[in-house]
Amino acid sequence: MVKRLLKSVKSILFADPNLLYAEERSLINQPFYFKGTNGKGVLLLHGWTSTAYEVRRLGKYLNENGYTVYGPMLKGHGMKPEDLEGVKWADWLDDVKAAHQELKKNCEEVFIGGTSIGANLAVHFSVGSNDVAGLVLMAMPYKIKYETASVAVAKIMKLFGKYHRKFYPPTFGLSTTITRLISYQKYPIDSALETFDLIKKTRETLPTIIQPCLMIQSTHDHIATKDNLECMYADVRSERKQKKYVKQAYHTFISDIKNEHVFEDILKFINSL
């Protein structure tokens, strides 16, 4: 049924994420590489505890419009939470560097898009780089709600065990959202502390970013502070920068969103460069 549905529409833009997931479950822990036709590439980075499938639908849409799109799997992701033990955010940055080099083999220009922690990694990779044509930062945490207290609590929790289970507030949404289905539901506390360190370092790094930037955040983000996007927008030194809020979503919205023209806005931004 899903295959017939996809054939009946012009673009994956109109495909239902949950129907796609039912058809593509074997792909949820796999990287993807879609060869394009316009000589330009887009590197898409998934978030912490998630997989490349998180950005696969966006990747297919950009590929339909000519771009070569690569969605790598970051170290420690896609199999079991224990694989995150001992992994540093510098290891994820190495993954980004390797993926960027792979795209540059066939692409004259490379754009980078990331969701959540993937966006933080995109920022760090882009510092001082002439090989990043533009950035799409989705749900990037500039500052976590109750960040200082959360770090302190995480360090205390380590005294009682290495792992913690995720907590979803009642307002987060259904347990059948793609975001939840593809993610680890528990994680090493040390890995969470790595993300806190990465976020802190991003605040120091963001004012050095000069590449064109599109920044997107949900108004219902349960992870980042309310002024998260405004702080990002103020810090970025790019001459060309845009910001967009989405309403019908939560923190990492890109795998589940069906409206608000997010895919089209991303394509329009990249095409404009």
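Before reading further, recall that the structure is shown in the block above.
Please read all numbers here as calculations on a predicted model, not as lab measurements.

Draft legend 1. Geometry of the sheet that holds strand β2 (residues 40-45). With mixed pairing, the seven strands of this open sheet are ordered in space as β1-β3-β2-β4-β5-β8-β9. Lying at the two open borders of the sheet, with one neighbouring strand each, are β1 (32-34) and β9 (241-246). Within this sheet the neighbouring strands show an average axis-to-axis angle of 15°, counted without direction. Pairing between β1 and strand β3 (residues 68-71): three bridges, direction antiparallel. By the bridge assignment, F32 is partnered in β3 with G71. In the packing of helix α5 (residues 117-126) onto the sheet, the strands contacted are β2, β4 (109-115) and β5 (135-138), and the crossing angle to β4 comes to about 145°. Its contacts with the sheet put helix α10 (residues 262-272) on β2, β4, β5, β8 (213-218) and β9, and the angle it makes with β8 is roughly 165°.

Draft legend 2. Representation of the nonpolar core within the structure. In this structure, L43, W92, I112, L121, L135, L137 and L206 are the most contacted members of the largest nonpolar core, which totals 45 residues. If sequence neighbours within four positions are ignored, L135 has contacts with I112, A122, S126, I209, P212, C213, L214 and F269. Core analysis: the next-biggest nonpolar cluster, separate from the first, contains 37 residues, L44, V55, V246 and I257 among them.

Draft legend 3. Highlighting the pattern of salt bridges. Tallying each qualifying case throughout the model produces 14 salt bridges. Two residues, K158 and D190, come together in a salt bridge whose shortest N-O distance is 2.8 Å. Taken together, the positions of K158 in the loop between α6 (147-157) and β6 (163-165) and D190 in helix α8 (residues 189-205) put the pair 32 residues apart, joining distant regions of the chain. Residue classification places K158 among the partly exposed positions, given a relative accessible area of 41%. K201 is the salt-bridge partner of D197, the closest N and O atoms lying 2.9 Å from each other.

Draft legend 4. The packing of helix α3 (residues 56-64) against α10, seen in detail. As a packed pair, α3 and α10 sit with axes 10 Å apart at the nearest point and diverge in direction by 50°. Regarding the angle of α3 to α10, the classification is oblique. In terms of crossing hand, the pair formed by α3 and α10 is right-handed. In contact with R57, L58, Y61 and L62 of α3, α10 contributes F263, E264, I266, L267 and I270. Its residues assigned to classes, the contact of α3 with α10 shows seven nonpolar, no polar and two charged.

Draft legend 5. Focus on the environment of V87. Note on placement: V87 falls in the loop between β3 and α4 (89-104). Look at V87 and you get buried, because its relative accessible area is 4%. A C-alpha to C-alpha distance of 18 Å links V87 and V151, two positions 64 residues apart in sequence. In this structure V87 touches K75, W92 and E194, once residues within four positions along its chain are discounted.

Criteria and cut-off values
Numbering of residues begins from 1 in every chain and follows the order in which that chain's sequence is written. Residue-level local features of this predicted model are given only where pLDDT is at least 70; pairs of side-chain atoms are given and counted only at 80 or more, and the full residue set underlies all totals for whole chains, interfaces and linings. Excluded from the side-chain calculation are hydrogens and water; included are all heavy atoms of the structure. In this analysis, strands are considered paired if DSSP registers two or more bridges between them. Numbering of helices and strands starts at the N terminus; helices are DSSP runs of H or I of at least 4 residues and strands are runs of E of at least 2. Here the axes come from fitting lines to C-alpha atoms, over the contacting stretch only for helices, and the angles between their N-to-C directions go from 0 to 180 degrees. Contacts were defined at the residue level, with two residues in contact if any of their heavy atoms lie within 4.5 Å. Take the buried residues of types Ala, Val, Leu, Ile, Met, Phe, Trp, Tyr and Cys, join any two whose side-chain atoms come within 4.5 Å, and each joined set is a nonpolar core. For the exposure calls, accessible area comes from a 1.4 Å probe over protein chains only, and a residue counts as buried if that area is under 20% of its type's maximum, exposed if over 50%, partly exposed in between. Between Lys or Arg on one side and Asp or Glu on the other, a salt bridge is scored when a side-chain nitrogen of the former is within 4 Å of a carboxyl oxygen of the latter. In this scheme, roughly parallel covers angles under 35 degrees and roughly antiparallel covers those over 145, while 65 to 115 is roughly perpendicular and the rest are oblique. Each crossing is labelled by how the near helix is turned from the far one, with a counterclockwise turn of less than a right angle marking it left-handed and a clockwise turn marking it right-handed. Note that Gly is not counted as nonpolar here; it falls among the polar residues with everything else outside the nonpolar set of Ala, Val, Leu, Ile, Met, Phe, Trp, Tyr, Cys and Pro and the charged set of Asp, Glu, Lys and Arg.

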